[in-house]
Amino acid sequence: MDFELTGRGWRRAIWLPTTEDDPGVEMTAIAVRKEVDLVIGAGGDGTVRVIAAGLAGSGIPLAIVPAGTGNLLARNMGIPLDEVRALETAFEGVDRTIDLIKVSADGGEPDHFCVMAGIGIDAAIVGEADKDLKRALGNTAYLVSAAQHADHAALDTRVWVDGVPVLRTRAHVALIGNVGLLQGGIQLMPEARPDDGKLDLLVASPRSLRDWVSVFTRVLTRGNRTDERLTRLSGGSVEIVVDQPDSYELDGDPQGTCTRLTAEVVPAALVLRVPAP
């Protein structure tokens, strides 16, 4: 890395390793206080989310070296998953401003996410996927966790978009997205764009195995149709209220449980270093 820096005219680097207790909050704050010219974040979506939240509104560009299981922000933004090519992008790419989503659970301290946040079965799957299994099997660990949560109860769910009540249903999944692409090229939210000043919402309310098959088929075939089993909405803000506490996650990181999740777009909040056209 030092050779890469000096060879490209950079004077010096500040190394700020994250820890198990702090995935990047204080490290990013130090970088902002020192008014660095570029932050390179090496890690998965959870680490990237923490760094991005700390850089929000600072104007300091963030370059990503993907090193996680999903790397969904990198995938959605065309950032190479290969470490060498990702570093090339960090030093030779171009800057692009993208939105972040400010989110709060049960009225608590606000946080931000870059990719997706959800409450329901997806958060339970993410939160209880075995860490050792993830290291050994990668994304397959989530399939194992999904099988273990097949009987996860549906939640009585109410949804407001831009302050207007729009939906009440028994939902298994409620997802808020800033981008829509998952691993394997699956477009979960085909209309989601990271710089459109909007968030996208997906609520899945299957009642039977046939409904689950229908929902998955529509997602895999990128069908945009909305009905009582799969609802897609968009707006500047969203509020989701469920009838009992359930798990929620931000960019794949479990955060605990809540009954109320609110989110709003922060337009052009992050400068992201992406490959040059």
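Student: Can you walk me through the overall build of the protein in this structure?
Tutor: Of the regular secondary structure elements, the protein holds nine helices and 12 strands. Scored against the burial criterion, the 277 residues of the protein give a buried share of 48%. Nonlocal contacts in the protein, meaning residues at least 24 apart in sequence, comprise 66% of its contacts between residues at least 6 apart. Summed over all atoms, the accessible surface of the protein reaches about 13,600 Å², with 51% contributed by carbon and sulfur.

Student: Honestly, the nonpolar core in this entry has me stumped. Any pointers?
Tutor: Most often, soluble globular proteins have nonpolar side chains that are buried together. In this structure, V39, L62, L73, L270 and L272 are the most contacted members of the largest nonpolar core, which totals 34 residues. Broken down by secondary-structure element, the contributors of at least two residues to this core are α3 (45–55), β2 (62–66), α4 (72–77), β3 (94–105), β8 (173–177), β9 (199–204) and β12 (253–274). Counting 24 residues, the second-largest nonpolar core is a separate cluster that includes A117, V161, A174 and A263.

Student: Please clarify how α3 should be interpreted in this entry.
Tutor: Residues three or four positions apart in an α-helix share a direction because the helix packs 3.6 residues into each turn. Taking burial as the measure, the 11 residues of α3 include 10 buried ones, the bulk of the element. Where α3 ends, the next residue or the one after it, G57, has phi of about 80 degrees, a positive value.

Student: Quick question: what am I supposed to make of the confidence of the model for the protein here?
Tutor: In regions of low pLDDT, the predicted coordinates are not meant to be interpreted in detail. When pLDDT is averaged across the protein, the result is 83; 79% of the residues are at 70 or more. By mean pLDDT, helix α8 (residues 140–148) is the weakest element of the protein at 39, and β3 is the strongest at 98. Low pLDDT (under 50) marks residues 124–150, which in the prediction has 30 contacts with non-local residues, meaning those over four places away or in another chain.

Student: I would appreciate a short explanation of the packing of helix α2 (residues 25–33) against α3 in the present structure.
Tutor: Axes are the key here: two packed helices are described by the angle between their axes and the distance separating the axes. In the contact formed by α2 and α3, the axes pass within 9 Å of each other and the chain directions differ by 35 degrees. As for the relative orientation of α2 and α3, their crossing is right-handed in sense. Where α2 abuts α3, its residues V25, T28 and V32 lie against V50, I51, G54 and L55. Across the contact of α2 with α3, the residue classes tally to five nonpolar, two polar and no charged.

Student: Help me understand helix α5 (residues 83–92), please; the structure alone is not making it clear to me.
Tutor: Taken together, the buried positions of α5 are A86, L87, T89, A90 and F91. For α5, the capping residue at the N-terminal end is D82, with a side-chain oxygen 3.2 Å from the backbone nitrogen of V84.

Student: What should I look at first to understand the environment of A29 in this one?
Tutor: Examined against the element boundaries, A29 turns out to sit in helix α2. Sequence separation between A29 and G54 is 25 residues; the distance between their C-alpha atoms is 6.4 Å.

Student: Is there a simple way to explain the pattern of salt bridges in this structure?
Tutor: Considering all chains together, one arrives at eight salt bridges under this definition. Across the pair R33 and E26 runs a salt bridge, and its minimum N-O distance is 3.1 Å. Of the residues examined, R33 reaches a relative accessible area of 56% and is grouped as exposed. On the basis of relative accessibility, which here comes to 38%, the residue E26 falls in the partly exposed class. We note a salt bridge from R49 to D111, for which the minimum N-O separation is 3.0 Å.

Student: Looking at this model, I keep getting lost on the layout of surface pockets. Mind explaining?
Tutor: One way to see where empty space is left: roll a probe the size of a water molecule over the atoms. In this structure, the second largest pocket encloses a volume near 950 Å³. Along its surface, the second largest pocket is lined by 30 residues, and A13, I14, L38, V39 and I40 are the ones closest to its centre. Contributing elements (two or more residues each) for the lining of the second largest pocket: α2, β1 (39–43), α3 and α5. When residues of the lining of the second largest pocket are assigned to their parent elements, the largest contribution, four residues, is made by β1.

Student: Would you explain the pairing of strand β11 (residues 237–250) in this entry?
Tutor: Note that strand β5 (residues 116–120) and β11 share three bridges and pair antiparallel. By the bridge assignment, A117 is partnered in β11 with L250. Across five bridges, strand β6 (residues 155–161) lies against β11 in antiparallel orientation. For W160, the partnering residue across the bridge sits in β11 and is E239. Looking at chain direction, β11 and β12 are connected through 10 bridges and run antiparallel. Residue pairing across strands places E239 opposite T262, the latter belonging to β12. The loop that links β11 with its antiparallel partner β12 comprises two residues; one of these, D251, has a positive phi angle of about 50 degrees.

What counts, and at which threshold
Numbering of residues begins from 1 in every chain and follows the order in which that chain's sequence is written. A pLDDT threshold of at least 70 governs which residues receive local features in this predicted model, and a stricter bar of 80 or more applies before side-chain atom pairs are shown or counted, although totals over entire chains, interfaces and linings include all residues. Values shown for side chains rest on all heavy atoms present in the structure; no hydrogens or waters enter the calculation. Only DSSP runs of H or I with at least four residues qualify as helices, and only runs of E with at least two residues qualify as strands; both kinds are numbered from the N terminus onward. Residue burial is assigned from relative accessible area. The probe radius is 1.4 Å, only protein chains are included, and a residue is buried under 20% of its type maximum, exposed over 50%, and partly exposed in between. What makes two residues a contact is simply this: any of their non-hydrogen atoms within 4.5 Å. Reported accessibility uses the Shrake-Rupley method at a 1.4 Å probe radius. Residues are deemed covered only where the shown protein chains occlude them. Within this scheme, the nonpolar core is defined by two criteria: the residues are buried Ala, Val, Leu, Ile, Met, Phe, Trp, Tyr or Cys, and they are joined through side-chain atoms within 4.5 Å. pLDDT runs from 0 to 100 and stands for how confident the predictor is about each residue. A fitted line through C-alpha atoms serves as each axis, taken over the contacting stretch for helices, and the angle formed by two N-to-C directions is quoted from 0 to 180°. It is the rotation of the near helix from the far one that decides the hand of a crossing: anticlockwise by less than a right angle makes it left-handed, clockwise makes it right-handed. Three classes are used, and their members are as follows: Ala, Val, Leu, Ile, Met, Phe, Trp, Tyr, Cys and Pro are nonpolar, Asp, Glu, Lys and Arg are charged, and the others, Gly among them, are polar. Pairs of N or O atoms within 3.5 Å make up the polar contacts considered here, provided that, within protein, one atom can donate a hydrogen while the other can accept it, and that residues adjacent in sequence are counted only when both atoms are side-chain atoms. Salt bridges are defined as contacts in which a side-chain nitrogen from Lys or Arg sits within 4 Å of a carboxyl oxygen from Asp or Glu. Only protein atoms enter the 1 Å grid, on which a cavity is a set of points fitting a 1.4 Å probe that cannot get out and a pocket is an open set with protein on both sides within 12 Å along at least 5 of 7 lines, lining residues being those with an atom within 4 Å of a point. Grid points are joined across faces, edges and corners, and a volume is the space filled by probe spheres set on the points. Any two strands with at least two DSSP-identified bridges between them are counted as paired.

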